[in-house]
Amino acid sequence: NTLSVSVLGLGAMGSALASALLKAGHETTVWNRSAGKADDLVAQGARAAATAGDAVRAGELVVACLLDHASVHEVLDPVAGDLAGRTLINVTTTTPEQSREIAAWASDAGIAYLDGGIMAVPHMIGQPGSSILYSGTEDVFQQYKPVLDLWGDSTYFGEDAGLASLYDLALLAGMYVMFAGFLHGAAMVASAGVTAREFAAMAAPWLTAMTGEFEGYAAVIDGGDYTVPGQQSLEFSDLGDILTASAEQGISTEAVAMVQGLIRRQIDAGHGAEGFARIIESIKQPG
Ligand code: NDP
């Protein structure tokens, strides 16, 4: 089925999304605030709209891929009347509260709304490994799933429009803290003349293997009992040696000290013999 789809925002990501729609043969209209960004897509068969309103009126489905929450309102507020009765899928990165706010705005304006969080970089769109998280109106997700699947694996989390964003940011939190850990290790061995590339060759399989621990931690956390036997205890997980070694290399101890702080708070509260997963309690209840 050929659809008329309009894409608002032709940055690196919006352009990749529009390009995938064109490759699948959808009638695609594109709009960007500043000129010139539509040229490549027009060469691929897109129609360039002169204004955001023209773009909205050309599509039964409107995709917004702008910079942030403020730019979404800046572009969409003036064309709310044109969007009424149409479907809006907003894949702009926002916080959960911002996603909920846009969903409420859309509902008031009579716009069917789905919020998306993109877990991919532009060149991955339409390729294996690309994953996009959605929440909001389930009917929209079901109806347009074949289109969404052109961009990557599509996962729906529920009617609460903030959920996709919450998952998106939670996954990014895990990624950034892991990256910081990898880079901390690279800085430690750099003091001995080891290149980052050499360290990466050791760290990638190690950290990949360690993700096998997630399931066990999750079972303990969901079970609500940190004393179940067979776990690495918090006392055993003391990071003192890593902190000392880092200081001896003359590098920052911040990244490791952050984790040590979470561990210490549980030990100080008398839970030293319990499992490592218990540091989630330090995170849930800020000290
Ligand atoms: P770019 O910086 O490449 O593009 C930003 C786009 O937003 C441009 O089209 C820009 O228009 C437009 N824009 C910014 N402010 C306004 C405004 N006030 N009014 C109208 N248009 C505006 O970003 P990306 O394409 O990479 O990212 C777009 C969204 O996708 C972001 O929310 C980003 O977080 C998300 N995303 C991006 C990923 C990536 O790897 N790139 C990964 C996952 C999510 P103009 O050309 O006129 O400046």
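Residues numbered from 1 in each chain as written. Predicted model: local features only at pLDDT ≥ 70, side-chain atom pairs only at ≥ 80, totals over all residues.

The name given to the protein chain in an unreviewed UniProt entry is Oxidoreductase, and the organism recorded there is Streptomyces poonensis. Quoted straight from UniProt, the Sequence similarities (unreviewed entry) entry for the protein chain says "Belongs to the HIBADH-related family." (UniProt positions renumbered as here; feature names shortened; annotations may be inferred.)

Novice: Can you walk me through the site of the ligand in this structure?
Specialist: Lining the immediate surroundings of the ligand are 22 residues, of which Gly11, Met13, Arg33, Ser34 and Thr93 lie closest. Grouping the amino acids of the shell around the ligand by side-chain chemistry returns 10 nonpolar, 8 polar and 4 charged. (Near = placed C-beta within 6 Å. Nonpolar A, V, L, I, M, F, W, Y, C, P; charged D, E, K, R; others polar.)

Novice: Would you explain helix α12 (residues 254–271) in this entry?
Specialist: An α-helix turns once every 3.6 residues. As a result, residues three or four positions apart point the same way. End to end, α12 covers 24 Å across 18 residues, agreeing with the expected 26 Å (1.5 Å per residue, within 8%). Within the span of α12, buried status applies to Val256, Ile263, Gln266 and His271. Projected onto a plane normal to the axis of α12, the buried residues spread over an arc of 100° and lie on a single side. For α12, the exposed residues lying more than 90 degrees away from the buried face are Glu254 and Asp268. For α12, the elements touching its buried residues are α8 (163–190), α11 (240–248) and α13 (279–284). (Helix = DSSP H or I, 4+ residues; strand = E, 2+ residues; numbered from the N terminus. Expected span 1.5 Å × (residues − 1). Buried ≥ 20, exposed ≤ 12 C-beta atoms within 10 Å, placed from the backbone. Arc of directions from axis to C-beta. Contact = placed C-beta atoms within 7 Å.)

Novice: Which parts of the structure should I look at to understand the UniProt feature "domain: NADPH-dependent reductive aminase-like C-terminal" (unreviewed entry) in the protein chain?
Specialist: According to UniProt, the positions carrying the feature "domain: NADPH-dependent reductive aminase-like C-terminal" (unreviewed entry) are residues 160–284. In the segment residues 160–284, helix accounts for 69% and strand for 0%; the C-alpha atoms at its two ends are 22 Å apart.

Novice: Sorry if this is basic, but what is going on with the sheet that holds strand β5 (residues 87–90) here?
Specialist: Within a beta sheet, neighbouring strands are joined by backbone hydrogen bonds and run either parallel or antiparallel to one another. The 8 strands are arranged β3-β2-β1-β4-β5-β6-β7-β8 in an open sheet whose pairing can be described as mixed. With partners counted over all chains shown, the strands left at the sheet margins are β3 (47–48) and β8 (153–156), one partner each. Looking at chain direction, strand β6 (residues 112–119) and strand β7 (residues 131–136) are connected through 6 bridges and run antiparallel. Residue pairing across strands places methionine 119 opposite serine 131, the latter belonging to β7. (Pairing = 2+ DSSP bridges.)

Novice: Explain the packing of α11 against α12 to me, please; I cannot follow it from the model alone.
Specialist: For any two helices packed against each other, the geometry comes down to the angle between their axes and how far apart the axes lie. Remark: α11 packs on α12, axes separated minimally by 10 Å, with the N-to-C direction vectors making an angle of 160°. Put simply, α11 runs roughly antiparallel to α12. Where α11 crosses over α12, the handedness of that crossing is left-handed. In contact with Ile242, Leu243 and Ser246 of α11, α12 contributes Val256, Ala257 and Gln260. Broken down by class, the residue content of the contact of α11 with α12 amounts to 4 nonpolar, 2 polar and no charged. (Axes fitted to C-alpha atoms, helices over the stretch in contact; angles between N-to-C directions. Parallel < 35°, antiparallel > 145°, perpendicular 65-115°, else oblique. Left-handed = near helix turned anticlockwise from the far one by under 90°.)

Novice: So what exactly am I meant to see when it comes to the environment of alanine 12 here?
Specialist: Structurally, alanine 12 is set in helix α1 (residues 12–23). Considered as a pair, alanine 12 and cysteine 65 are 53 residues apart in the sequence and their alpha carbons are 9.6 Å apart.

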